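Fold and geometry: a report
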Amino acid sequence: IFGGIHCVAWNFTFPSHQEQLLWRISAVAITCAPLVVFHAWMAVRQAKRYFPKYILYIIYITYITLYFTVRVVLLVLMFTTLRSLSPDAYKAVLWTSLVP
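Keep in mind that what you see is a predicted model, and the values were worked out from it rather than measured.

1. Focus on the state of the cysteines
Considering all chains together, one arrives at zero disulfides under this definition. Here Cys-32 is not cross-linked by a disulfide; its sulfur's nearest cysteine counterpart is in Cys-7, at 7.6 Å. In this structure Cys-32 comes out as partly exposed when scored by relative accessible area, which is 37%.

2. Focus: the packing of aromatic side chains
Two measures describe an aromatic ring pair: the distance that separates the ring centres and the angle between the ring planes. The final tally for this structure, using the stated rule, is two aromatic pairs. On the numbers, 5.8 Å between centres and 40° between planes, the contact of Phe-14 with Trp-23 is tilted. Here Phe-14 and Trp-23 have matching classes, each one buried. Note on Tyr-63 and Tyr-67: the rings are 5.8 Å apart at their centroids and 35° apart in plane angle, and the pair reads as tilted. Here Tyr-67 and Tyr-63 lie together in helix H3 (residues 53–80), a separation of four residues that amounts to about one turn. Overall, the relative accessible area of 27% leaves Tyr-67 in the partly exposed class.

Parameters at a glance
- Residues numbered from 1 in each chain as written.
- Predicted model: local features only at pLDDT ≥ 70, side-chain atom pairs only at ≥ 80, totals over all residues.
- Heavy atoms only, no water.
- Disulfide = S-S within 2.5 Å.
- Buried < 20%, exposed > 50% of the residue type's maximum accessible area, 1.4 Å probe, protein only.
- Phe/Tyr/Trp six-rings, centres within 6.5 Å; stacked < 30°, edge-to-face > 60°.
- Helix = DSSP H or I, 4+ residues; strand = E, 2+ residues; numbered from the N terminus.

Written out as structure tokens, the structure is:
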């Protein structure tokens, strides 16, 4: 659910095509990574005698590294896209005119 929220911005405008592509890749990675790790964990758990225990640790370390990297990428992209806001974002809003 958390990763799916980032997919909402799939068709948003970004300052460059590379940033949009990076956002899309990160959104898919943060959405699908928990599912992939869960299925890998279930496969290793069911075939415990065939897999050494370190395989599970490699999966966990890879997942944590991927998740942390993708979170940082999304956080950096959120702040870097603020550099190209439309001029309407800088207009002052008269909030008192909206109160009846």
